[in-house]
Amino acid sequence: MTRPVYLVDDDEAVRHALALLLSTVDIKVTGFADPQVFLAQVPKLAPGCLILDIRMPAISGLKVQERLVEHGIDWPTIVMSGHGDIEACRRAFRNGAVDFLSKPVDEQDLIDAIQKGQEALERMLSRRAEKAETLALLAALTPRESEVLGRIAGGFTSRQIAEGLGLSPRTVESHRAAIGAKLGTTSQAEMTRLWLEGREAP
């Protein structure tokens, strides 16, 4: 488990106990007593797995989770509660929680939940890296090449693209060759996949 783990809980004894417990399996935890301090620090923190207590004086754990979601931060979150609140559990999962644990937290359940969160984080970061690479490839295309690529993705033949854009078929083929060189593929299916991926919301 190489990604950071952040624990937000106003109870110092709980923070200390969980940090000590997790250190026995080589999981380093950064604790925050104040959820508002944590939220202020988030922009400076590396992506990690988050452990949130639901009941805190200033801002509830669920509210912290919702604020993160509002700002597009979807780190895997484990929510802890000392009360069996079904509605809180539902809200936590609606906002992307990977697990909901009851206090006192079972040691193995917490370790398993962190493992699940770490795996989810790795998948998310991998997808983002792939998306960034695709966007960089697409950004290298000229406006006309992007236009031709959109037609290719739409299933049009070179002749149809030429007619639609008022170009000669030879010019379209020249654009296709340039697009293929920049994207690293001459496959229409792969070009279409990259074009569609570039149009997806981040």
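Residues numbered from 1 in each chain as written. Predicted model: local features only at pLDDT ≥ 70, side-chain atom pairs only at ≥ 80, totals over all residues. Heavy atoms only, no water.

**With respect to the environment of Q36**
Line of reasoning, step 1. In this fold, Q36 is placed in helix α2 (residues 35-41).
Line of reasoning, step 2. Among residues more than four places away in sequence, those in contact with Q36 are A58 and I59. (Helix = DSSP H or I, 4+ residues; strand = E, 2+ residues; numbered from the N terminus. Contact = heavy atoms within 4.5 Å.)

**Details of the pairing of strand β2 (residues 29-32)**
Line of reasoning, step 1. Here strand β1 (residues 5-8) runs beside β2; their pairing, made up of 4 bridges, is parallel. Note on β2: the bridge partner recorded for V8 is F32. (Pairing = 2+ DSSP bridges.)

**Details of the sheet that holds strand β5 (residues 97-102)**
Line of reasoning, step 1. Within the open sheet, the 5 strands sit side by side as β2-β1-β3-β4-β5. Their pairing is parallel. Edge positions in the sheet fall to β2 and β5, since each has one partner strand and no second. Each strand axis lies, on average, 20° off the axis of its neighbour in the sheet, ignoring direction.
Line of reasoning, step 2. Contacting β1, β2, β3 (49-53) and β4 (77-81), helix α1 (residues 12-23) crosses the sheet at an angle of about 175° to β2.
Line of reasoning, step 3. Here helix α5 (residues 107-139) sits on the sheet and contacts β1, β3, β4 and β5; the angle it forms with β5, its principal contact strand, is near 170°. (Axes fitted to C-alpha atoms, helices over the stretch in contact; angles between N-to-C directions.)

**Examining the environment of E147**
Line of reasoning, step 1. Mapped onto the secondary structure, E147 falls in helix α6 (residues 143-153).
Line of reasoning, step 2. Along the sequence, E147 and L165 sit 18 residues apart, while their C-alpha atoms lie 8.9 Å from each other.

**Notes on the packing of α5 against helix α9 (residues 188-199)**
Line of reasoning, step 1. In contact at an axis separation of 9 Å, α5 and α9 are set at 105° when each is read in the N-to-C sense. If you check the angle between α5 and α9, you find them roughly perpendicular. Along the contact surface, α5 presents E130, K131, T134, L135 and L138, while α9 presents L194, E197 and G198.
Line of reasoning, step 2. Taken together, the residues of the contact of α5 with α9 break down into 3 nonpolar, 2 polar and 3 charged. (Parallel < 35°, antiparallel > 145°, perpendicular 65-115°, else oblique. Nonpolar A, V, L, I, M, F, W, Y, C, P; charged D, E, K, R; others polar.)

**As for helix α4 (residues 86-94)**
Line of reasoning, step 1. Within α4 the residues assigned to the buried category are A88, C89 and A92. Take α4 and look down its axis: the buried residues cluster within an arc of 100°, on one side only. Exposed side chains of α4 directed beyond 90 degrees from the buried face belong to I86 and R94.
Line of reasoning, step 2. As for α4, its buried residues are in contact with α3 (61-70), β4 and β5. (Buried < 20%, exposed > 50% of the residue type's maximum accessible area, 1.4 Å probe, protein only. Arc of directions from axis to C-beta.)

**A closer look at the UniProt feature "modified residue: 4-aspartylphosphate" (unreviewed entry) in the chain**
Line of reasoning, step 1. The UniProt entry lists D53 under the feature "modified residue: 4-aspartylphosphate" (unreviewed entry), expressed in the numbering used here.
Line of reasoning, step 2. Within the secondary structure, D53 sits in strand β3.
Line of reasoning, step 3. In this structure D53 touches V8, D9, D10, G61, M80 and K103, once residues within four positions along its chain are discounted. (UniProt positions renumbered as here; feature names shortened; annotations may be inferred.)

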